[in-house]
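Topology and contacts: notes
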Amino acid sequence: MLAASALVAGAAPAQAATTLSYSCEFPTIGAQPISVTYDTTLTGAFIPIDINRRPPTYRAAATVTLGSETVGALKSLGVASIDGRMSVGFFITEVAARSLPAELTFPNRPLTESAVSFRVEGAIAPIDPWPGTGTLSVASLRLNWIGRTADGAVIPPAAASPDVPATPETFSSECTLSPSGQDTALGSVRAGYVSSTPTPTPTPTPTPPASPTPTPSPTATPPPTPTPLPCAPGDPCFGYRYSITGAATLKTLVKGSLPLKGALSTKVSLADDRLSGELSLDKAAGTLIAYGFLPVVAQLHLVPTEPLAGTLKGGTLKATTKLRIRVPKVTLFGIELAGGSTCQAKQISAIALQSTQPVFSAAAGGPIAGTFGISDLSGCGALTGLVSPLTKGAGNALLLNLRHESTTNPPAPPTAPGPPTISQITATSATVTWGASSDDNGVTGYDIYDEGVLIAGTTGPETSTTLTGLDAAKNPYYVTVKARDIDGLLSPPSDRVTFSLPVPPPPPKPILFGCGSVLSVVVTLKDADFGVLLPSTKRFAVEATISSSGSFSPSVATIQGGLTLKSTFSRAGATLPVHVPLTIPSTPVAQPRIATGQTPVITIPGSAQLQWRLDGIALNLSPRLSDGTPATISREMPPFATDEDPGTYDVDCSLMPASQDTLIYPTQPFSVIEN
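Comments concerning the pairing of strand β30 (residues 477–485)
If a strand is regular, its side chains alternate between the two faces of the sheet. Most of β30 is tucked away, with eight of its nine residues classed as buried. Of the pairings in the sheet, the one linking strand β27 (residues 443–450) to β30 comprises seven bridges and is antiparallel in character. Looking across to β30, one finds that Y446 is bridged to A483. In this sheet, strand β31 (residues 497–499) lies alongside β30 in antiparallel orientation, the contact comprising three bridges. Across the sheet, residue V479 finds its bridge partner in β31, namely V497.

Here's the deal with helix α3 (residues 384–391)
Residues lying three or four places apart along an α-helix face the same way, a consequence of the helix completing one turn every 3.6 residues. Residues T384, V387, S388, L390 and T391 constitute the buried set of α3. Taken end-on, α3 shows its buried residues confined to a sector of 160°, consistent with a single buried face. Buried-residue contacts for α3 involve β13 (254–269), β18 (316–332), β19 (335–339), β22 (365–374), β23 (377–378) and β24 (393–404). G393 sits one or two positions beyond α3 and adopts a positive phi of about 155°.

Structural notes on helix α1 (residues 68–76)
Of all the residues in α1, the buried ones are T70, V71, A73 and L74. Along α1, the residues classed as buried sweep out an arc of 160° about the axis, all on the same side. In α1, the exposed residues that point more than 90 degrees away from the buried face are E69 and S76. Looking one or two places after α1, you find G78, whose phi comes out positive at around 85°.

Structural notes on the pattern of salt bridges
Per the stated rule, a full pass over the model turns up ten salt bridges. A salt bridge links E113 to R109; the shortest N-O distance between them is 3.4 Å. With a relative accessible area of 35%, E113 lands in the partly exposed category. In this structure, K474 and D450 form a salt bridge, with 3.0 Å as the shortest nitrogen-oxygen distance.

A look at the sheet that holds β31
In space, the four strands of this open sheet follow the order β28-β27-β30-β31, with antiparallel pairing throughout. Among the strands making up the open sheet, the edge pair consists of β28 (453–459) and β31. Within this sheet the neighbouring strands show an average axis-to-axis angle of 30°, counted without direction. Examined bridge by bridge, β27 and β28 share six bridges and lie antiparallel to one another. Directly across from D447, in β28, lies its bridge partner G457.

Regarding the state of the cysteines
Applying the stated criterion across every chain, the model contains two disulfides. For C24, the disulfide goes to C175, at an S-S distance of 1.9 Å. Linking C24 and C175, the disulfide has an S-S dihedral of approximately 115° and is accordingly described as right-handed. Taken together, the positions of C24 in strand β2 (residues 18–26) and C175 in strand β10 (residues 171–177) put the pair 151 residues apart, joining distant regions of the chain. Overall, the relative accessible area of 0% leaves C24 in the buried class.

Here's the deal with the side chain of S491
Turning to its location among the elements, S491 is positioned in the loop between β30 and β31. Within the structure, the side chain of S491 is placed 2.8 Å from the backbone nitrogen of A483, a separation counted as a polar contact. Ignoring anything within four residues of it in the chain, the contact list for S491 reads P413, P414, T415, A416, P417, K482 and A483.

Thoughts on the nonpolar core
What tends to happen in soluble globular proteins is that the nonpolar side chains get buried as a cluster. Counting 47 residues, the largest nonpolar core has L302, I325 and L398 as the members making the most contacts within it. Top element by residues in this core is β18. It accounts for seven residues. Excluding residues within four positions of it along the chain, L398 makes contact with A247, A248, L260, L302, I351, L353, I368, A369, G370 and F372. Core analysis: the second largest hydrophobic core is formed by 45 residues, Y22, L100, F106 and F118 among them.

Observations concerning the confidence of the model for the protein chain
Summarising the model, the protein chain shows a mean pLDDT of 75, and 73% of its residues fall at 70 or more. Contacts for the low-pLDDT stretch residues 158–166, under 50 throughout, to residues beyond four places or in other chains number 15 contacts.

Examining the pairing of strand β15 (residues 284–290)
Burial of the side chains of β15 is restricted to one face: A284, G286, L288 and A290 are buried, whereas none of A285, T287 and I289 on the reverse face is. As defined by bridge partners, β13 adjoins β15 across two bridges and the pair is classed as antiparallel. Note that in β15 the partner of K255 across the bridge is I289. As paired elements, β15 and strand β16 (residues 294–304) share seven bridges and run antiparallel to each other. When the sheet's bridge partners are listed, G286 is paired in β16 with A298. Between β15 and the antiparallel strand that follows it, β16, lie three residues; Y291 among them carries a positive phi value of about 55°.

How each quantity is defined
- Residues numbered from 1 in each chain as written.
- Predicted model: local features only at pLDDT ≥ 70, side-chain atom pairs only at ≥ 80, totals over all residues.
- Heavy atoms only, no water.
- Buried < 20%, exposed > 50% of the residue type's maximum accessible area, 1.4 Å probe, protein only.
- Helix = DSSP H or I, 4+ residues; strand = E, 2+ residues; numbered from the N terminus.
- Pairing = 2+ DSSP bridges.
- Arc of directions from axis to C-beta.
- Contact = heavy atoms within 4.5 Å.
- Salt bridge = Lys/Arg side-chain N within 4 Å of Asp/Glu carboxyl O.
- Axes fitted to C-alpha atoms, helices over the stretch in contact; angles between N-to-C directions.
- Disulfide = S-S within 2.5 Å.
- Polar contact = N/O pair within 3.5 Å; in protein donor to acceptor, adjacent residues only side chain to side chain.
- Core = buried A, V, L, I, M, F, W, Y, C linked by side-chain atoms within 4.5 Å.
- pLDDT = per-residue confidence, 0-100.

The structure is reproduced here in structure tokens:
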């Protein structure tokens, strides 16, 4: 049992605590209950909106308690101490357009008592609100913890369970409300405009305060001013400010989508429907796939070089702008390939954007989309010539969802995808197909999970993909699918589908025989038929490999002849002795002899599994000199009885030791030939 109490520090007195119960699925030790008590001073707070100042910062803290059952389960995995973080997502309806993540971290805590408590602390993401009164709620909770041994070494995920992804976090799981339907509201929050004295400048301006120029924020990506663009005197117009979520999808030699966030302030002339606006986009980062299989982690910054210009007429928004494509960083397997402050496309990219819904509402917002190209890169370092061809190309997609800041309803996630199905299973891959999800603003892609671990993803509307790099040692696979939308929200998971890869047969086992010297005989065959319940009448193609610890005289060049397998077929108590003659072709004396042949027709009625055991072998060898004439066998391999042919030697061989397991089928694979 785990219990946690959270405290969010802000500008208002503390409110009554709210407790929610969760269930978190941990690798190896299974589901663990978690109780989180949220005691927030953000509840009931007034958030000031001041164009001259940044919003206040709110902090979060929590006290986490691990019960004796959980501590014992962790210790059973060799965990002596833990450290890590707890991610909490808050949401304020009516006031903020996006979720407010809080990352709470805690130092290393030894598991020395039967029940352990520790404190986690962190900050809530900056709040960029609009005026109004809303409700503060808890949207999500995730645990990411690292387990350590008594000497402080990190326990790798594989040491805890082969199902855990290869990340430093031994325990990582989403937590869901248990039971569902709990009221996640923590209380009310208000936001409104306030007046303050702007930050003074070196030279005071004598002009009236009709339209003061905001002082730029010193951060790399300043937050947009929380007011729409002003309309010029004498120009009847209206203005709106939108928050932006979306994605840039590359379709060059690197493919994939990078999530985008930003803002757009607009004004539209009532006289001629002209639209102008100031667009700003944050840096985007994510994983792209190069050449179809290499995971490249890239940062991309789309920097507008001129204002947005266009029209909003007849319910359709059309606008153009130009972008400077900057590439701050590109890494492959953690190695930086390119980047830096000078890494950018040589040419400015023009882009035409248009609303994608039948009617674009200026009062509510909506999705707009367009395509753009990326020219050669420059200033990216020594490997510019390697990275530039990966990103160069046209037809890349930009999808932006504009959400007017007076919108009161939080964005809704996509619906769950339809049940997945599996096809085209090979030893290392499988194709997964699922039903399409729906979303108000469109689905941008899908994520595929195995037991909650992300293993693949798609972009666009495609509802099928091939999973590669699979391993039968992981069997079985438990696959679910989630949809992504333009707001970066994930759908509930689809139904789960289970499949397994074909398991290769075990290597054939040798059976040892004494023939004066020791012979090793391996009976096996290609084109395996794995454990099929055989009809009563069959015959079998057989291959046997014979290796000897004895030796022939130096003059012997090749060996040929025959091998007879003395065996017993049985089914449901019925047995049938069968001798299987095999032929040994002429083989150089230094190589193993491979004998081939087939059984006579086997008829044993019954429905039980057929078994085949090897009881003994008989050799008929003909050693030959390099000119093909018969040779003699050295004294190191007696005793052979000479038959009527002076160049042929026969010997019966018995099991050595006699206690060997001589079961050939169904332990070993071999072909089935219809009679």
